[in-house]
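# An overview of the molecular structure
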Amino acid sequence: MAIDDGAATNDPERAGSTRSRLFAVRLWTEEVAGGHEYRGSARDVLGGAFRGFREWSDLIAFMVARMEEDVRKEARKE
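Residues numbered from 1 in each chain as written. Predicted model: local features only at pLDDT ≥ 70, side-chain atom pairs only at ≥ 80, totals over all residues. Heavy atoms only, no water.

## Topic: the confidence of the model for the chain
Which entries qualify depends on this criterion: Summary of the metric used: pLDDT quantifies the predictor's per-residue confidence within the range 0 to 100. Contacts: residue pairs with any heavy atoms within 4.5 Å of one another.
When pLDDT is averaged across the chain, the result is 82; 76% of the residues are at 70 or more. Taken as a whole, residues 12–16 scores under 50 in pLDDT and shows 6 contacts with residues more than four places along the chain or in a different chain.

## Details of the sheet that holds strand 2 (residues 35–44)
What counts here: Here, a strand pair is defined by DSSP locating no fewer than two bridges between the strands. Only DSSP runs of H or I reaching four residues or more are called helices, and only runs of E reaching two or more are called strands; each is numbered from the N terminus. Angles run from 0 to 180 degrees between N-to-C directions of axes, and those axes are lines fitted to C-alpha atoms, restricted for helices to the stretch in contact.
Across the sheet, 3 strands lie side by side as 1-2-3; this open sheet has antiparallel pairing. For this open sheet the edge positions go to strand 1 (23–32) and strand 3 (50–53), each flanked by a neighbour on one side alone. Going across the sheet, the axis of each strand differs from the next one's by a mean of 15 degrees, ignoring polarity. Inspection of the sheet shows strand 2 paired to strand 3 by 4 bridges, in the antiparallel sense. Along strand 3, the bridge assignment pairs glycine 40 with phenylalanine 53.

## Some remarks on the nonpolar core
What counts here: Among buried residues, those of type Ala, Val, Leu, Ile, Met, Phe, Trp, Tyr and Cys that are joined through side-chain atoms within 4.5 Å constitute a nonpolar core. For each residue, the accessible area found with a 1.4 Å probe, counting protein chains only, is set against the maximum for its type, and the residue is called buried under 20%, exposed over 50%, and partly exposed in between.
Residues Phe23, Ala42, Ala49, Phe53, Leu59 and Phe62 constitute the largest nonpolar core, which totals 6 residues. If we skip the residues at most four places from it in the chain, alanine 42 touches Ala24, Val25, Ala49, Phe50, Arg51, Phe53, Leu59 and Phe62.

## Some details on the pairing of strand 2
In this structure, strand 1 lies alongside strand 2, joined through 10 bridges in antiparallel fashion. Looking across to strand 2, one finds that threonine 29 is bridged to tyrosine 38. Between strand 2 and the antiparallel strand that follows it, strand 3, lie 5 residues; glycine 48 among them carries a positive phi value of about 90 degrees.

## Some points on the pattern of salt bridges
We apply this condition: In the sections that follow, a salt bridge refers to a side-chain nitrogen of Lys or Arg positioned within 4 Å of a carboxyl oxygen of Asp or Glu.
Counted according to the given criterion, the structure contains 7 salt bridges. A salt bridge links aspartate 44 to arginine 21, with the nearest nitrogen and oxygen atoms 2.2 Å apart. Of this pair, aspartate 44 sits in strand 2 while arginine 21 sits in the loop between helix 1 (12–16) and strand 1; the two residues are 23 residues apart in sequence, bridging distant segments of the chain. As far as the burial class goes, aspartate 44 and arginine 21 line up, both buried. Put simply, Arg21, Asp44, Arg66 and Glu69 are held in one network by salt bridges that share partners.

## Description of the packing of aromatic side chains
Heads up, the condition is: Each Phe, Tyr or Trp ring, with Trp reduced to its six-membered ring, pairs with another whose centre is within 6.5 Å; inter-plane angles below 30 degrees give stacked pairs, above 60 give edge-to-face pairs, and intermediate values give tilted ones. We call a charge positioned over a ring when the NZ of a Lys or the CZ of an Arg lies within 6 Å of the ring centre and within 35 degrees of the ring normal.
Throughout the structure, instances matching the rule amount to 3 aromatic pairs. Centroid distance tyrosine 38 to tryptophan 56: 6.3 Å. Interplanar angle 45 degrees. Geometry classified as tilted. Highlighted residues: tyrosine 38 in strand 2 and tryptophan 56 in helix 2 (residues 56–77), separated in sequence by 18 residues. Classification of tyrosine 38 by relative accessible area gives partly exposed; the value is 47%. Accessibility expressed as a relative area gives 46% for tryptophan 56, which makes it partly exposed. With a centroid separation of 6.2 Å and 45 degrees between ring planes, the pair formed by phenylalanine 53 and tryptophan 56 is classed as tilted. Directly above the aromatic system of tryptophan 28 lies the positively charged group of arginine 26, at a separation of 4.3 Å from the ring centroid.

Put into structure tokens, the structure is as follows:
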């Protein structure tokens, strides 16, 4: 599934209103009793924050928290 968030658009109005972060995500499988499970790690490339995860929800929570940090910083500026 592809999502166009406008970050790479030529429309200055749309591109300027988009906040984005760059994450590096590493995924691998590990053998566990009865099969295997996915594990991974994510790093906020510019901010340096790092989190390991075993559940997809942990990855999402990490990424959303980093994005919301930007929103909080912007609110303090106003």
